[in-house]
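What follows is each chain in one-letter form.
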Amino acid sequence: MNTAPNNQPDTERKVIFIVEDNETYSRSLKLFIQTHFPSVYKIEIFPIGEMCIMELDEDPSIIIIDYYLNSKHSEAINGLEIIKRIKLLKPKTNIIVLSSQENLEVISESIKQYDCTYIPKNQTAFNKIKLSITGILSSKNATSFEPLN
């Protein structure tokens, strides 16, 4: 069995992808996650979703993705299209949509059809991300016999 540098089996490694084209925001989010979740093995930042798709073989526990991914790269595909591709390739991937998207139809589609969590980019976003990550990671650590309340 392969082991991570901290001697955890690969099946227990927690990897988080951040797909965000705002470099300052993504670095701040990465630092926030590292501070609050020291057990996370790796956090990778991708400025466009296409790069994230190419790395899905790392089996991220969570992908945090912005809806708008073309502010710096005009040819980049938007977050919803990337979510569709991720779910096609890795259907059980936990996705948190972190965005200033206000179109309720887009939000509803990403939450319902693709089983995502939506968190608006505002002053409480990082705390909501912390709660979402805590819930996702604790449910992954639970056995199938424990109720998830």
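Conventions adopted
Residues numbered from 1 in each chain as written. Predicted model: local features only at pLDDT ≥ 70, side-chain atom pairs only at ≥ 80, totals over all residues. Heavy atoms only, no water. Salt bridge = Lys/Arg side-chain N within 4 Å of Asp/Glu carboxyl O. Helix = DSSP H or I, 4+ residues; strand = E, 2+ residues; numbered from the N terminus. Buried < 20%, exposed > 50% of the residue type's maximum accessible area, 1.4 Å probe, protein only. Polar contact = N/O pair within 3.5 Å; in protein donor to acceptor, adjacent residues only side chain to side chain. Contact = heavy atoms within 4.5 Å. Arc of directions from axis to C-beta. Core = buried A, V, L, I, M, F, W, Y, C linked by side-chain atoms within 4.5 Å.

K.L.:
What's the story with the pattern of salt bridges in this structure? I'm lost.
P.N.:
Think of it this way: side chains of opposite charge can pair up when their charged atoms draw near. Summed over the entire model, instances satisfying the criterion amount to seven salt bridges. As a salt-bridge pair, Glu20 and Lys121 come within 2.8 Å of each other at their nearest N and O atoms. Of this pair, Glu20 sits in the loop between β1 (15–19) and α1 (23–36) while Lys121 sits in the loop between β5 (116–120) and α5 (125–141); the two residues are 101 residues apart in sequence, bridging distant segments of the chain. Classification of Glu20 by relative accessible area gives buried; the value is 4%. Owing to a relative accessible area of 26%, Lys121 belongs among the partly exposed residues under this scheme. For the salt bridge of Lys42 with Glu58, the shortest nitrogen-to-oxygen distance reads 2.9 Å.

K.L.:
Looking at this model, I keep getting lost on the side chain of Glu58. Mind explaining?
P.N.:
As for its placement among the helices and strands, Glu58 is situated in the loop between α2 (49–54) and β3 (62–65). For Glu58, the side chain forms a polar contact with the side chain of Lys42, separated by 2.9 Å. In this structure Glu58 touches Val15, Phe17, Lys42 and Glu44, once residues within four positions along its chain are discounted.

K.L.:
Where do I start with helix α3 (residues 79–89) in this structure?
P.N.:
In an α-helix, one turn spans 3.6 residues; hence positions three or four apart end up facing the same way. Gly79, Leu80, Ile82, Ile83, Ile86 and Lys87 are the residues of α3 that are buried. When α3 is viewed along its axis, its buried side chains cluster within an angular range of 155 degrees and face the same direction. Of the exposed residues in α3, those oriented more than 90 degrees away from the buried face are Leu88 and Leu89. Measuring from the backbone nitrogen of Leu80 back to the side-chain oxygen at the start of α3 gives 3.0 Å, which picks out Asn78 as the cap.

K.L.:
Would you take a moment to explain the nonpolar core for this structure?
P.N.:
Generally speaking, nonpolar side chains in soluble globular proteins are found buried as a group. Within the largest apolar cluster, 22 residues are counted, with the highest numbers of intra-cluster contacts made by Cys52, Ile63, Ile65, Ile86 and Ile95. For this core, the secondary structure elements donating two or more residues are β1, α2, β3, α3, β4 (94–99) and β5. Setting aside chain neighbours within four positions, we find Ile86 in contact with Cys52, Ile53, Leu56, Ile63, Pro91, Thr93 and Ile95. Residues Ile16, Val40, Ile136 and Leu137 belong to the second largest nonpolar core, which totals 20 residues.

Everything listed here is a matter of coordinates, which is why it stays silent on function.
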